[in-house]
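Residue-level listing of the chains:
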Amino acid sequence: MALSRDQIAMRVAQEFEDGNYVNLGIGIPTLAANYVPKHIEVMLQSENGLLGMGPYPTEDQVDADMINAGKETVTAAAGASIFDSAESFAMIRGGHVDFTVLGAFEVDVSGSIASWMIPGKLIKGMGGAMDLVAGAKNIIVTMTHADKHGNSKLLPACTLPLTGVNCITRIITDLAVLEVKDKAFHLRERAPGVDIKEIIEKTAGKLVIDGDIPEMTIN
Amino acid sequence: MAGFDKVVTSYADAMHGLEDNMTIIAGGFGLCGIPEGLIAEVKRMGTKGLTVVSNNCGVDGFGLGVLLEDKQIKKMVSSYVGENALFEKQLLNGELEVELTPQGTLAEKMRAGGAGIPAFYTATGFGTPVGEGKESRQFNGRDYILEEAITGDFAIIKAWKADRYGNCMYRHTAMNFNPMAATAGKITVVEVEEIVEVGELEPSQIHTPGIYVDRVIQGSFEKRIERLVTSKGA
């Protein structure tokens, strides 16, 4: 069965290592914060200027001066630091953030990503996404493998305007975990109960399947 | 005003000199850390043809969004503008121009503008619509684009505390773009929650040194929350 949004987030959280600094995009990536394994510590970076983002505030803790990059009220965790936007993006551009996790409309075999603009639809802006994909050491894309019409989002070449070129190394979808290298998607894991045939059908770009592909562990 | 005393007592004095077709750089991220009273004064003045540089353009009826109501903004330079129906309408009508700029590039453009650096190379945006028409160059085998600095005729800033000399401190994530914006205005105006006497702020804790600041005004703030999210709590 295809994974739910929360199950994708659970699988994402397994990528983190103890001591990682992580920036999570809006949507499924944000959910990954709920599933960080108990035995490790990660620190969340929010690009509006907070390193060490804590949980949402209780009603008593709400403070208009304390928000995250999604403009939601948040708290600062113990050990947090707060800084200006240039400092925040120095961390990002300088390669100090270990992981960034974000959603996408399309990813291609070169590791290019399109995530911010659909021509003909209203363009709201890229926010910090272009900086994040240009700067983070490891970038994980989370998305559904295909759109609601069944069209693959893993392409030979992106068709939409790009967010960044040659930057994505890992994709976690509702069907599979894939690595992007040597101009191909390399299948690493499949969602529990998902047939490899379905993954092949829904991957438009070159797909490399090497040996037995294990099922993901989701819990 | 005498010597280094930057305090003004009216919003009219705070924004004195603002004229049509000028560029305003505004601090703030969403509705967090925005100079509410200075924005209201720009609306009251009715200044037109403005280029406004700010990460966002407020929401309908609040923040920079109020400057759309009388079509005072000609061009907006922002990273994300999706929160505003009037913005969308004016953009589609061709009444408003928008230059979408990656958030980190926007911050760095302000920082560079204030620091006398005319342009800088960044990997952000290479190979995307943002990089189109811009000079590019390789360093150590990686591609970068040349981005130009931004300065403004005015910078409007929201700080937590300032002393009469214009030394400023910000509170929590209301800091955001304010420190860079403060450096990049020909005239920098800071609206603060509290003006304190000179010597009250610990020198090493000051975020924006007074040298960047021309005017300080005591404000009063609604501090509207854009997305209130709470946890159940223990």
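Bear in mind that the values here come from a model prediction, so they are computed numbers and not experimental data. (Residues numbered from 1 in each chain as written. Chains lettered and ligands numbered in written order. Predicted model: local features only at pLDDT ≥ 70, side-chain atom pairs only at ≥ 80, totals over all residues. Heavy atoms only, no water.)

*Asks:* Where do I start with the overall build of chain B in this structure?
*Replies:* For chain B, the helix and strand inventory stands at 5 helices and 11 strands. Taking 234 residues into account, the globule formula puts the C-alpha radius of gyration at 17 Å, and chain B, at 18 Å, falls close to it. For chain B, the proportion of its 234 residues judged to be buried stands at 53%. By sequence separation, contacts in chain B at least 24 residues apart represent 72% of the contacts at least 6 residues apart. Surface summary for chain B: the accessible area is close to 9,900 Å², and the carbon and sulfur share equals 48%. Computed over 23 positive and 31 negative side-chain charges, the inter-centroid distance for chain B is 2 Å. (Helix = DSSP H or I, 4+ residues; strand = E, 2+ residues; numbered from the N terminus. Rg over C-alpha atoms; globule rule 2.2 N^0.38 Å. Buried < 20%, exposed > 50% of the residue type's maximum accessible area, 1.4 Å probe, protein only. Contact = heavy atoms within 4.5 Å. Areas by Shrake-Rupley, 256 points an atom, 1.4 Å probe, with all protein chains shown as cover. Lys, Arg positive; Asp, Glu negative; His and termini not counted. Charge placed at Lys NZ, Arg CZ, Asp CG, Glu CD.)

*Asks:* It is not clear to me how the nonpolar core should be interpreted in this structure. Could you clarify?
*Replies:* In summary, soluble globular proteins display a tendency toward joint burial of nonpolar side chains. Judged by nonpolar contacts, the single largest core of 44 residues is most densely connected at Phe16, Val107, Ile113, Val141, Ile168, Ile171 and Phe185 of chain A. For this core, the secondary structure elements donating two or more residues are helix 1 (5–13), strand 1 (20–24), strand 5 (99–103), helix 4 (129–135), strand 8 (138–143), strand 10 (170–173), strand 11 (176–181) and strand 12 (184–190) of chain A. Excluding residues within four positions of it along the chain, valine 141 of chain A makes contact with Leu102, Ala104, Val107, Ile113, Ile168, Arg170, Ile171 and Ile172 of chain A. Ranked by size, the runner-up nonpolar core spans 37 residues in total, among them Leu50, Met76, Val130 and Phe154 of chain B. (Core = buried A, V, L, I, M, F, W, Y, C linked by side-chain atoms within 4.5 Å.)

*Asks:* Any chance you could explain the sheet that holds strand 7 (residues 113–114) of chain A here in plain terms?
*Replies:* Backbone hydrogen bonds hold the strands of a sheet together, and the pairing may be parallel or antiparallel. All names here are of chain A. One open sheet accounts for 3 strands, arranged 7-6-9; its pairing is mixed. With partners counted over all chains shown, the strands left at the sheet margins are strand 7 and strand 9 (154–155), one partner each. Pairing of strand 6 (residues 106–108) with strand 9, which is carried by 2 bridges, proceeds in the parallel orientation. If you follow valine 107 over to strand 9, its bridge partner there is leucine 154. (Pairing = 2+ DSSP bridges.)

*Asks:* What is the right way to read the interface of chain A and chain B from this model?
*Replies:* Many descriptions give the size of an interface as the accessible area lost when the pieces come together. Of the residues lining the interface, 44 residues belong to chain A; the matching set on chain B comes to 51 residues. Taken over both partners, the interface formed by chain A and chain B buries close to 3,800 Å², and the fraction arising from carbon and sulfur atoms is 64%. Contact with chain B buries surface across chain A, with Asp65, Lys71 and Lys124 of chain A losing the most and accounting together for 20% of the total. The interface formed by chain A and chain B holds 4 salt bridges in total. The interface formed by chain A and chain B holds 27 residue pairs in polar contact (both at pLDDT 80 or more) in total. Those elements that place two or more of their residues in the side of chain A that touches chain B are helix 3 (85–93) and helix 4 of chain A. (Buried area = accessible area lost by both parts, 1.4 Å probe. Salt bridge = Lys/Arg side-chain N within 4 Å of Asp/Glu carboxyl O. Polar contact = N/O pair within 3.5 Å; in protein donor to acceptor, adjacent residues only side chain to side chain.)

*Asks:* What exactly am I supposed to notice about unusual backbone geometry here?
*Replies:* What is expected of a backbone is that most residues other than glycine have negative phi and most peptide bonds are trans. Residue and element names in this part refer to chain A. The phi torsion at asparagine 166 lies on the positive side, around 45°, for a residue other than glycine. For asparagine 166, the position within the fold is in the loop between strand 9 and strand 10. Taking relative accessible area as the criterion, asparagine 166 reaches 56% and is therefore assigned exposed.

*Asks:* Is there a simple way to explain helix 1 of chain A in this structure?
*Replies:* Each full turn of the α-helix corresponds to 3.6 residues, which orients residues three or four apart in the same direction. Here helix 1 of chain A has its buried residues at Ile8, Ala9, Met10, Arg11, Val12 and Ala13 of chain A. Summarising the contacts, the buried residues of helix 1 of chain A are in contact with helix 2 (28–31), strand 5, strand 8, strand 10, strand 11 and strand 12 of chain A.

*Asks:* In this structure, what is going on with a nonpolar patch on the surface? I would like to understand it.
*Replies:* All names here are of chain B. Taken together, the side chains of Phe4, Tyr165 and Val198 define a hydrophobic patch exposed on the protein surface, amounting to about 300 Å² of accessible area. Within the secondary structure, tyrosine 165 is located in the loop between strand 8 (152–163) and strand 9 (168–169). Residue class for tyrosine 165 comes out partly exposed when judged on its relative accessible area of 36%. (Patch = residues over 30% accessible without salt bridge, like charges linked within 9 Å, V, L, I, M, F, W, Y side chains within 5 Å.)

*Asks:* Help me understand the packing of helix 3 of chain A against helix 4 (residues 103–114) of chain B in this model?
*Replies:* When two helices pack together, their arrangement is given by the angle between the helix axes and the distance between those axes. Between helix 3 of chain A and helix 4 of chain B, the shortest axis-to-axis distance is 9 Å and the interhelical angle comes to 125°. Taken as axis vectors, helix 3 of chain A and helix 4 of chain B run oblique relative to one another. Crossing angle aside, the handedness with which helix 3 of chain A passes helix 4 of chain B is left-handed. In this structure, helix 3 of chain A contributes Ser85, Ala86, Phe89 and Arg93 of chain A to the contact, and helix 4 of chain B contributes Gln103, Gly104, Thr105, Ala107, Glu108 and Arg111 of chain B. Of the residues that constitute the contact of helix 3 of chain A with helix 4 of chain B, the class distribution is 3 nonpolar, 4 polar and 3 charged. (Axes fitted to C-alpha atoms, helices over the stretch in contact; angles between N-to-C directions. Parallel < 35°, antiparallel > 145°, perpendicular 65-115°, else oblique. Left-handed = near helix turned anticlockwise from the far one by under 90°. Nonpolar A, V, L, I, M, F, W, Y, C, P; charged D, E, K, R; others polar.)

*Asks:* Sorry, what's going on with the side chain of serine 85 of chain A here?
*Replies:* With respect to the helices and strands, serine 85 of chain A occurs in helix 3. A distance of 3.4 Å separates a polar atom in the side chain of serine 85 of chain A from the backbone nitrogen of phenylalanine 177 of chain B. In this view, serine 85 of chain A contacts Asn48 of chain A together with Ala107, Asn176, Phe177 and Met180 of chain B; residues no more than four positions away in its chain are not counted.

*Asks:* I'm lost on helix 4 of chain B in this one. Help?
*Replies:* Residues and elements named next belong to chain B. The end-to-end C-alpha separation of helix 4 is 17 Å, in line with the 16 Å expected for 12 residues at 1.5 Å each. Burial analysis of helix 4 places 10 of its 12 residues in the buried class, the great majority of the element. Turning to helix 4, its buried residues number three or more, namely Gln103, Gly104, Thr105, Leu106, Ala107, Glu108, Lys109, Met110, Ala112 and Gly113. Positive phi shows up at glycine 116, right after helix 4, with a value of about 75°. (Expected span 1.5 Å × (residues − 1).)

*Asks:* When you look at the environment of serine 85 of chain A in this model, what are you seeing that I'm missing?
*Replies:* You can call serine 85 of chain A buried: its relative accessible area is 0%. In the structure, serine 85 of chain A is positioned 38 residues away from glutamate 47 of chain A in sequence and 7.1 Å away in space, judged by C-alpha atoms.

*Asks:* Before we go on, may I ask you to explain the pattern of salt bridges in this structure?
*Replies:* All names here are of chain B. On inspection of all chains with the given rule, the structure shows 26 salt bridges over all chains. Glutamate 83 serves as the salt-bridge partner of arginine 227, at 3.0 Å between the closest nitrogen and oxygen. Taken together, the residues span a long stretch of sequence, with arginine 227 in the segment after strand 11 (215–218) and glutamate 83 in the loop between strand 3 (73–78) and helix 3 (85–93) at a distance of 144 residues. You can call glutamate 83 partly exposed: its relative accessible area is 22%.

*Asks:* Whenever I open this one, the sheet that holds strand 7 (residues 142–148) of chain B confuses me. Can you help?
*Replies:* All names here are of chain B. Read across the open sheet, the 3 strands follow the order 5-7-6; overall the sheet is antiparallel. One side of each edge strand has no neighbouring strand; the edge strands of this open sheet are strand 5 (119–122) and strand 6 (136–139). Adjacent strand axes in the sheet meet at a mean angle of 35°, parallel and antiparallel pairs treated alike. Here helix 4 sits on the sheet and contacts strand 5 and strand 7; the angle it forms with strand 5, its principal contact strand, is near 150°.

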